[in-house]
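Observations on the three-dimensional arrangement
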Amino acid sequence: MIVFTLAAVIFIYHFLYGIVRWYAVAGAALGFVLYVRTVGHLTARAAGVIIFIVGAAKRYAVYFSLLPLKMMGRMLRGAYIKTVPPTAAKISLKHSRRLETRYFERKMKIKLKGLLTEVPSENGEKRDV
């Protein structure tokens, strides 16, 4: 409430070009006190209901305003599912097989290189050449 009072005084100050007219400030303060003493209690009691109604109205407004985009997204998703995944699966399968082959080829080269460089000694220990 104090913040609102200060904001009202600052607004009146700027609205009247820097000349503070105390009757304007007194009128704002009197209106604030009357509001708190009369309608303020009703508003405070009904605040939960008011917030729920405003939130529900906002949710419905957002839902109905985004509904065309949602429907368009569903249509595009249906077209995507019918065309892209079969093609992508084929490409992915070829790619993964190619990667697997490369991986095992590298592993085999490393193992062969290790086997070729290691020579067993007379006492059974392996040593590098």
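Note that residues are indexed from 1 along each chain, following the sequence as it is written. Confidence filtering applies because this is a predicted model: local features only for residues at pLDDT of at least 70, side-chain atom pairs given and counted only at 80 or more, and all residues used for totals across whole chains, interfaces and linings. Where side-chain values are given, they derive from all heavy atoms of the structure, hydrogens and water being excluded.

**Side note on the overall build of the chain**
Of regular secondary structure, the chain possesses 4 helices and 2 strands. Overall, the chain shows an N-to-C arrangement of helices and strands of α-α-α-α-β-β. Three exposure classes are used, based on accessible area relative to the maximum for each residue type with a 1.4 Å probe and protein chains only: buried under 20%, partly exposed in between, and exposed over 50%. Burial status across the chain gives 5% buried among its 129 residues. Working note: accessible area of the chain is about 12,000 Å², and carbon and sulfur atoms make up 71% of it. Strands are runs of DSSP state E lasting at least 2 residues, helices are runs of H or I lasting at least 4, and numbering of each runs from the N terminus. To be clear on the numbers: accessible area is Shrake-Rupley with a 1.4 Å probe, and residue cover counts the displayed protein chains and nothing else.

**Some details on the packing of helix 1 (residues 2-15) against helix 2 (residues 22-37)**
At a minimum axis distance of 10 Å, the contact between helix 1 and helix 2 shows a crossing angle of 150°. In terms of orientation, helix 1 and helix 2 fall into the roughly antiparallel class. Crossing of helix 1 against helix 2: the hand is right-handed. Every residue of helix 2 that contacts helix 1 at Phe4, Val9 and Ile12 is listed here: Ala24, Val25, Ala28 and Phe32. Residues are grouped as follows: Ala, Val, Leu, Ile, Met, Phe, Trp, Tyr, Cys and Pro are nonpolar; Asp, Glu, Lys and Arg are charged; every other residue, Gly included, is polar. Among the residues forming the contact of helix 1 with helix 2, the class breakdown is 7 nonpolar, no polar and no charged. Whenever a helix is involved, its axis is fitted only over the stretch in contact; in every case the axis is a line through C-alpha atoms, and angles between N-to-C directions fall within 0 to 180 degrees. Under this scheme an angle from 65 to 115 degrees is roughly perpendicular, one under 35 degrees roughly parallel, and one over 145 degrees roughly antiparallel; angles in between are oblique. Should the near helix be turned anticlockwise from the far one by less than a right angle, the crossing is termed left-handed; should it be turned clockwise, right-handed. Contacts were defined at the residue level, with two residues in contact if any of their heavy atoms lie within 4.5 Å.

**Observations concerning a nonpolar patch on the surface**
A surface patch of nonpolar side chains, amounting to about 600 Å² of accessible area, comprises Val62, Leu66, Leu69, Met72, Met75 and Leu76. Considering the arrangement of structural elements, one finds Leu69 in helix 4 (residues 47-117). Patch rule: a residue counts if its relative accessible area is over 30% and it has no salt bridge; like charges are joined within 9 Å, and nonpolar side chains (Val, Leu, Ile, Met, Phe, Trp, Tyr) within 5 Å. Just to be clear on terms, a salt bridge is a Lys or Arg side-chain nitrogen sitting within 4 Å of an Asp or Glu carboxyl oxygen.

**Some remarks on a positive patch on the surface**
Charge assignment: positive for Lys and Arg, negative for Asp and Glu; neither His nor the chain ends contribute. Throughout, a charge is located at the NZ atom of Lys, the CZ atom of Arg, the CG atom of Asp or the CD atom of Glu. On the surface, Arg98, Arg102, Arg106, Lys107 and Lys111 cluster together to form a positively charged patch. For Arg106, the location among the structural elements is in helix 4.

**Quick notes on the packing of aromatic side chains**
Aromatic rings from Phe, Tyr and Trp, with only the six-membered ring used for Trp, were paired whenever their centres fell within 6.5 Å, and each pair was classed as stacked if the ring planes differed by under 30 degrees, edge-to-face if by over 60, and tilted otherwise. Here the structure, examined in full by the defined rule, presents 3 aromatic pairs. Seen in terms of ring centroids, Phe11 and Phe15 are 5.7 Å apart; in terms of plane orientation they differ by 20°. Their pairing is stacked. With Phe11 and Phe15 both in helix 1, this residue pair falls 4 residues apart, about one helical turn. A single burial state applies to Phe11 and to Phe15, both of which are exposed.

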